[in-house]
Amino acid sequence: MASGHVTKRAKYKTTIKDPGTPGTLRMTLEKILFVPHNPKSAGKLDVEFRFIKGQKHTKEGSSKPPWLNLTNNQNGSFIFEFENYSDLQDCRDFVGKVLAKSGEVSEKPTVTYPDEQLSAAEMELRIKLLREDSELQKLHKQFVLSGVLTEAEFWATRKKLLDREANKKTKQRLGFKSAMISDIKPSTDGRTNKVTFNLTPEIILQIFAEKPAVHRAFLTYVPNKMSERDFWTKYFRAEYLHSTKNSVAAAAEAAEDEELAVFLKQDDILASESRSKIRRVDPTLDMDADEGDDYTHLPDHGIFRDGSKEVTESENELYRRTLSQDINRHAAVVLEGRAVDVELEDTRSVAEALARSKQESSTKGESYGDTSRERLDRVSRMTEIEDLQAPNNLPLAPLCIKDPRDYFDSQQVNALRTSGDELAGTEQIKCSLSSQEVYGSLRESISVIKAMGLKDPIVKPEVAHQVFDALTQSISTTKYNIGKNPQESVLDRLPKKIKEELLHHWTSILELLRHFWASYPITTSYLYTKVNAALVLTLLSYQKLEAGKQTEGCHVTYLSTARVVLSNYPQVPFISSLLFYLLGSSDAKASYVWMEIKGSVPSDLRHQVSLLIRPMHQALDAAIQHYEADMQKRSARSGERPNGYA
Amino acid sequence: MASAPSKLYADDVSLVVVLVDTNPFFWSASSLSFSQFLSHVLAFLNAILTLNQLNQVVVIATGYNSCNYIFDSSSDLNQSFENGRMPVMCSSLLQKLEEFLIKDEQLSKEVPEGRIKSSLLSGSLSMALCYIQRVFRSGALHPHPRILCLQGSPDGPEQYVAIMNAIFSAQRSMVPIDSCYMGAQNSAFLQQASYITGGVHHKPQHLDGLFQYLMTIFATDLHSRSFLHLPKPVGVDFRASCFCHKNTIDMGYICSVCLSIFCKHHKKCSTCGSVFGQAQSEAASTSDKKRKTPET
Amino acid sequence: MPQVKIIAKNFMDMVASLPAIKLDMLYRNQFICEAILRSMPPLAKKYVLQMLYIDVPVTAKSLEEWVLADGSSKHKVAIDRLIQLRILEVIDRKKETSYKLNPTFQTNLRKHLIYGGILPREPMPSNVTVRLPTSEELDAYAHEQWECFLLQLISSGQAEKPTNFSSSMMRIFQRGLLCQREKEAPRLTESGFQFLLMDTNAQLWYIIREYISNSEEQGVDQADLIAFLLELSFHTTGEAYNMNTLTDDQRAMIKDLSDLGLVKLQQGRKDSWFIPTKLATNLSVSLTDSSSRKQGFVVVETNFRMYAYSSSKLHCEILRLFSRVEYQLPNLIVGAITKESLYNAFENGIAAEQIITFLQQNAHPRVAEKLPSVPENVTDQIRLWETDLNRVEMTPAHFYDDFPSRDVFEAASDLARVHCGLLWEDAKKMRMVVKAEIHMLMREQLRGQNK
């Protein structure tokens, strides 16, 4: 959209007959803001766009003034009177666009609930997650879009998912090319003595990065002392001299022209940098900054630039650069990466940006300072020899029992406790004999067996056969029931549709219960309404599962609970919509779902399916029980204000 | 091609640690007499030792007041008891068992009335696991270990925590716990033990055919188990005992820090000392005013 | 890859091949029943146990009910082995197969479980025997004896103290392992090399097998020998048993066994006795595989160098088979695996896999913990060098051309194709190459057509 907002002068009218409050109407993508000119008047308005459902306006040429009527989703309306029709036109178009946009978004897997400020990237991430995981999308649709959970609540339990997704993306920045600048060959036309170098901002940046001296020279000379063109001409002249290996000529030229000499001399910045680098080197070991960096003064060991012979002339040594130095420097710059994120347009800005980033890193380097102590620390840290240390990657965090006596003493006490009265019912072995007698009989049997030896035969063949047959029988029946594969569960044998249905119920009930329990203890009225919302939804799912086999009475109980909840909180819109769902004809629909599951399950599996469903019921029952107990406590305590949190 | 040598013997070499229930109160009421039971078990042990020369059997008596090792095939094979009436191992086992019972009886004097007559399964399970750990650490090669519980006494809910700890440590060291329950009701502990560790749980229908059950189901070595169906219980009783009153419960409170189980709401976890959220009602009224309510 | 075919590792194959009457005789002995039970695959053992007290036939179907899908091959192997050993009797009735345990075997095993086994001879009381060797000494003795025997077996000159085996006996053992051409030193054959690379138990059984089959030629009953050997394996290691309890045949045999290191013979003032060693008691240990793994001694490095911590001459000889031994210290052999040394080995018929398996099985405990115990580059290179030799495959074949007509040519090529013998054909020039196996067939066909 071209512009994100529209501001117009208008009058705000609550009804058509209202004369209206003059003020300024400002519409952004998210909200409509009306500020009256007279700050004391009451017509201030701040409405979010998502509540706006549609718009009506008067037509040009009709007898009516230019009015715009925005209807909200609670059937209220906001009427604005504009000064002229063109203003109305603008606003109308804007509203139209915004409404169209929100409409189209809600068709996609939506996450555009503007109640929290989300960056576009985050939004993108969520949409992506929803798209990839249909299960998640289903849940999202069921709960967030129906308004049971807010966007934030839904995602709060899935932070990990988001983080993981976000971590996947790492920004990759474009680095330097690995080609060396010395590879840029001049083009000659062959006839004249003219040599042409082609420069691009890319190359310039690289030159600056690799040769700090050139960089410094550029900053000092251009544009005060010479033009940029002259500067580069000088630079390439120096380069050219290098490439011709003519160190005598180089020396001669340097003597004449002190600016040129700058390019020909050893790069003192580089030298000092490498010296400081050596000082910073980890005294124990650091392979990438060894003494080699200090070898800038030594002639290279028979490696020649461009493969040609080099004549050593010690007096002109100053004006020679070695290939290995160039390569090392180039490699370092490439590895360092591109620190500058400017559009490569202007040489000057490139140079300055580079200077800035240098500064930053050097200040960082200084903060690193206080080197001597650091080094000592490091030495002592590093001289710990790892081989001699015990492996410290314990796979488990040991359970921390704060006071072991607490734990063990309580266990001890429990072990000694006579739990007789509680468990009297389950006690099977009535001790009719004294312990002396029973021990005696045991010892007797031992002496019997000592005297007689093992019983022969140990088992009667008939019994053995009977046992074997029974076991074989049970094996073959379980094989039939459970399926060929012992790993295969009942679920795998259900028709696919029912299996999915069941799993979906499971996940949605779990999601709801998670939010339900997470809301306890209830400390704010916000949580209070949320619990109610979750509960009603829970009830609904419960209904879905139960309706088929519930007796009428039970059914009614749960419905009436739902009614109580709803009568307490009529102001929560989605509850009222659920009310219709519950009490209306959809009741029949819910039971239909359950009947369908039941009906299409093969008869031999029905029992197992109800076994699968039972834990669901239990979990829901527990939630409902907890809720009811809590309600009772609440109503008992605050009988005087039944709508305590209204 | 042979892969790199592992520390386990090939195939079917097994170490079976058998926990024998010697609770006198159970045996005095059982339909299977103790001497019959012993002959079934002794023949079974002998069969295990016969199967492979390297097989090893350890027997631990699970008594009413104590438990102890009563046989270890790796050390107890002395010839002196040989009398031709029964396998060599049996006589030494019986001797030790008798001594054990006498000691166990001496300990029993001060036990209060009314306690469930359960045997000390937690103790013998721990001893079995200790033995197996020692074998694991002892040397180059060791057999595949497994534990077999021959249990008849009812579960003692007060042993819940100790037994579960033993079960989990067995699970971690990959030692399956087989269980054969000869009592009247089924044992939730043993069902869980076998389920969690991947062992077999079975409750024989005909107790006089116990030997056949032992041979058909529990003599199967771990190697062969990957090729065979073994009887599976229809369902597993997963109920836990609470830490506070040792009641068996199906629903309760769990400490979110250390996962201890309680049957009632507590202010503080007795195991790890974490303080739980205050009771919801009081907190609601006090902090409601202070906290800013996020409005939807 | 050449198959290891010569040596049936399993002694029980030999038992299984005995005639029915002899097997039944064997099963009269409790110890043999036990030894045979131990030698069976795990599943077979389980089947025997669960049928031990069942007198009526058990249907094959009810056994199969227990088997998981991926265990069916194991099940089949187990049942086959049981039938082969005549432990299971097959009863076919009404189209339904049932099995029943061999009654002799069943009764004996039941007896064994209830009453335990009683050896035909008791160990001698310690006051009669002088000083019995400790178990370490006994192990060392057995080991030394066995190595000595092996050395003598592969190169008669090397052994420090020759065993008492007659040279004819020795020749029988060497049969198949060594081959001797005129005026040449005997050379190890392919199977000889394979023999050396096997583990001790398998080697022992090979020798015992040769021994038994040889003694039969001399009129000693094979079943008796087997019975005695298995019985011996249930004696207690380190105890002394009186020689008087043995029959004459057995006494002759025990001398030979002492040469192999199975027993140690001692002479007291009046009596003489034998002491079984670990080698003897291991005879009945599940013969399936490496339950009795020795400690390894070889370290192979990624640079193809090999360090063997061993003072054994035999080890040195074995290593020399496929590597270049560079120097020998009192307890260390240093060598290198080179292309030449391996080519030597390959020429002698040793397969790369065998060498690798040997190196892996005998890896020094320090490296055995690592995976892989032999560096991958070495194993790969050994395999590569082997495949280098196999680039050209030789197939004996016949070349046919000058066919009288295209019909004859096509008929002939069809025939060759049907028998999977056609290696190459050129339809235009009517020529083909056919494997030598079906040359006779081809010839007949062509003759028939020519008429």
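Criteria and cut-off values
- Residues numbered from 1 in each chain as written.
- Chains lettered and ligands numbered in written order.
- Predicted model: local features only at pLDDT ≥ 70, side-chain atom pairs only at ≥ 80, totals over all residues.
- Heavy atoms only, no water.
- Helix = DSSP H or I, 4+ residues; strand = E, 2+ residues; numbered from the N terminus.
- Buried < 20%, exposed > 50% of the residue type's maximum accessible area, 1.4 Å probe, protein only.
- Contact = heavy atoms within 4.5 Å.
- Areas by Shrake-Rupley, 256 points an atom, 1.4 Å probe, with all protein chains shown as cover.
- Expected span 1.5 Å × (residues − 1).
- 1 Å grid on protein atoms, 1.4 Å probe; cavity = no way out; pocket = protein on both sides within 12 Å on 5 of 7 lines; lining within 4 Å.
- Points joined across faces, edges and corners; volume = space filled by probe spheres on them.
- Pairing = 2+ DSSP bridges.
- Axes fitted to C-alpha atoms, helices over the stretch in contact; angles between N-to-C directions.
- pLDDT = per-residue confidence, 0-100.
- Buried area = accessible area lost by both parts, 1.4 Å probe.
- Salt bridge = Lys/Arg side-chain N within 4 Å of Asp/Glu carboxyl O.
- Polar contact = N/O pair within 3.5 Å; in protein donor to acceptor, adjacent residues only side chain to side chain.
- Nonpolar A, V, L, I, M, F, W, Y, C, P; charged D, E, K, R; others polar.
- Parallel < 35°, antiparallel > 145°, perpendicular 65-115°, else oblique.

Engineer: I'd like a description of the overall build of chain B, backed by residues and values.
Structural biologist: What chain B contains, in helices and strands, is nine helices and ten strands. Looking at chain B as a whole, 60% of its 296 residues qualify as buried. Expressed as a percentage of contacts within chain B between residues at least 6 apart in sequence, the contacts between residues at least 24 apart total 66%. When the accessible area of chain B is evaluated, it comes to approximately 11,600 Å², of which 54% is carbon and sulfur surface.

Engineer: Let's hear about helix α3 (residues 88-107) of chain B: which residues, and what values?
Structural biologist: For α3 of chain B, built from 20 residues, the straight-helix expectation of 28 Å at 1.5 Å per residue is met to within 8% by its first-to-last C-alpha distance of 30 Å. Those residues of α3 of chain B that sit buried are Met89, Cys90, Ser91, Ser92, Leu93, Leu94, Leu97, Glu98, Phe100, Leu101, Asp104 and Glu105 of chain B. Turning to α3 of chain B, the residues buried within the fold contact α16 (435-452) of chain A together with α2 (34-51), β2 (56-62) and β3 (67-72) of chain B.

Engineer: Which residues make up the environment of isoleucine 207 of chain C, and what values do they have?
Structural biologist: Residues and elements named next belong to chain C. Within the fold, isoleucine 207 resides in helix α11 (residues 200-217). Residues isoleucine 207 and glutamine 174 lie 33 residues apart in sequence; the distance between their C-alpha atoms is 9.5 Å. If near-sequence neighbours (up to four positions away) are discounted, isoleucine 207 is found in contact with Trp146, Phe149, Leu153, Phe173, Phe195 and Leu260.

Engineer: So what's going on with empty space enclosed by the protein? Which residues, and what values?
Structural biologist: All names here are of chain B. Applying the stated criterion across every chain, the model contains five cavities of 30 Å³ or more. A volume near 50 Å³ is recorded for the second largest cavity. Looking at the second largest cavity, the residues that line it are Ser118, Ser119, Leu121, Gln151, Ser153, Pro154, Asp155, Gly156, Gln159, Ile163 and Phe189.

Engineer: I'd love a proper account of the sheet that holds strand β3 (residues 96-101) of chain C, names of residues and values included.
Structural biologist: Residues and elements named next belong to chain C. Spatially, β1-β3-β2 is the arrangement adopted by the three strands of the open sheet, whose pairing is antiparallel. Either end of the sheet is taken by a strand with one partner, and the two such strands are β1 (58-59) and β2 (88-93). When β1 meets β3, the two strands line up antiparallel, connected through two bridges. Across the sheet, the residue bridging to threonine 59 is serine 98, located in β3. Helix α4 (residues 42-51) contacts β1, β2 and β3 of the sheet and is inclined by roughly 80° relative to β3.

Engineer: Quick one: what's the story with the confidence of the model for chain B, residue by residue and with numbers?
Structural biologist: For any part of a model where pLDDT is low, the fine detail of the predicted coordinates should not be relied upon. Residue and element names in this part refer to chain B. Residues at a pLDDT of 70 or more form 82% of chain B, whose mean pLDDT is 79. The low-confidence segment residues 1-6, where pLDDT is below 50, has 15 contacts with residues more than four positions distant or belonging to other chains. Scored below 50 in pLDDT, residues 279-296 shows 28 contacts in the model against residues more than four places distant or in partner chains.

Engineer: Got a sec to walk through the interface of chain C and chain A? Specific residues and values, please.
Structural biologist: Across the boundary between the two partners, chain C contributes 16 residues, which contact 16 residues of chain A. With both sides pooled, the region where chain C packs onto chain A buries about 1,400 Å², and carbon together with sulfur makes up 72% of that total. Linking chain C to chain A there are zero salt bridges. Here chain C and chain A share one residue pair in polar contact (both at pLDDT 80 or more) between them. Only α5 (60-64) and α7 (103-115) of chain C provide two or more residues apiece to the side of chain C that touches chain A. For the side of chain C that touches chain A, the residue count by class is eleven nonpolar, two polar and three charged.

Engineer: Quick one: what's the story with unusual backbone geometry, residue by residue and with numbers?
Structural biologist: Residues and elements named next belong to chain C. Despite not being glycine, aspartate 402 has its phi angle at roughly 55°, a positive value. You can see aspartate 402 is positioned in the loop between β13 (397-400) and α20 (406-418). Under the relative-accessibility criterion, aspartate 402 is labelled exposed at 70%. Despite not being glycine, methionine 430 shows a phi value in the positive range, around 55°. In this fold, methionine 430 is placed in the loop between β14 (422-426) and β15 (431-435).

Engineer: Before we move on, can you summarise the side chain of serine 98 of chain C with the specific residues and values?
Structural biologist: Residue and element names in this part refer to chain C. Turning to its location among the elements, serine 98 is positioned in strand β3. Look at serine 98 and you get buried, because its relative accessible area is 9%. Apart from residues no more than four positions distant in its own chain, serine 98 is found in contact with Pro57, Val58, Thr59, Ala60, Glu89, Val90 and Ile91.

Engineer: Explain the packing of α16 of chain A against α3 of chain B to me, and be specific about the residues and the numbers.
Structural biologist: Put simply, α16 of chain A and α3 of chain B touch, their axes get as near as 10 Å, and they point 170° apart. In this view, α16 of chain A runs roughly antiparallel relative to α3 of chain B, as classed from their interaxial angle. Contact residues: Ser435, Gln436, Tyr439, Leu442, Arg443, Ile446, Ile449 and Lys450 of chain A in α16 of chain A; Leu94, Gln95, Leu97, Glu98, Leu101, Ile102, Asp104 and Glu105 of chain B in α3 of chain B.

Engineer: Residues and numbers for the pattern of salt bridges, please.
Structural biologist: Where side chains of opposite charge bring their charged atoms close, a pairing between them can arise. All names here are of chain C. The tally for this structure, following the rule as stated, stands at 15 salt bridges over all chains. A salt bridge links aspartate 55 to arginine 110, with the nearest nitrogen and oxygen atoms 3.0 Å apart. Residue aspartate 55 is located in the loop between α4 and β1, and its partner arginine 110 is located in helix α7; the two are separated by 55 residues in the primary sequence. Judged by its relative accessible area of 37%, aspartate 55 is partly exposed. Relative accessible area serves as the criterion here: at 16%, arginine 110 is assigned to the buried category. One salt bridge in this structure joins lysine 76 and aspartate 80, with 3.5 Å as the shortest N-O distance.

Engineer: Let's hear about the sheet that holds strand β12 (residues 332-336) of chain C: which residues, and what values?
Structural biologist: All names here are of chain C. The strand order β9-β10-β12-β11 describes an open sheet built from four strands, whose pairing is antiparallel. Two strands bound the open sheet, and with one partner strand each, they are β9 (298-300) and β11 (324-329). Ignoring strand direction, the axes of neighbouring strands in this sheet form an average angle of 20°. Judged from the four bridges that link them, strand β10 (residues 305-308) and β12 form a sheet pairing that is antiparallel. Among the inter-strand pairings, arginine 305 is bridged to a residue of β12, identified as alanine 336.

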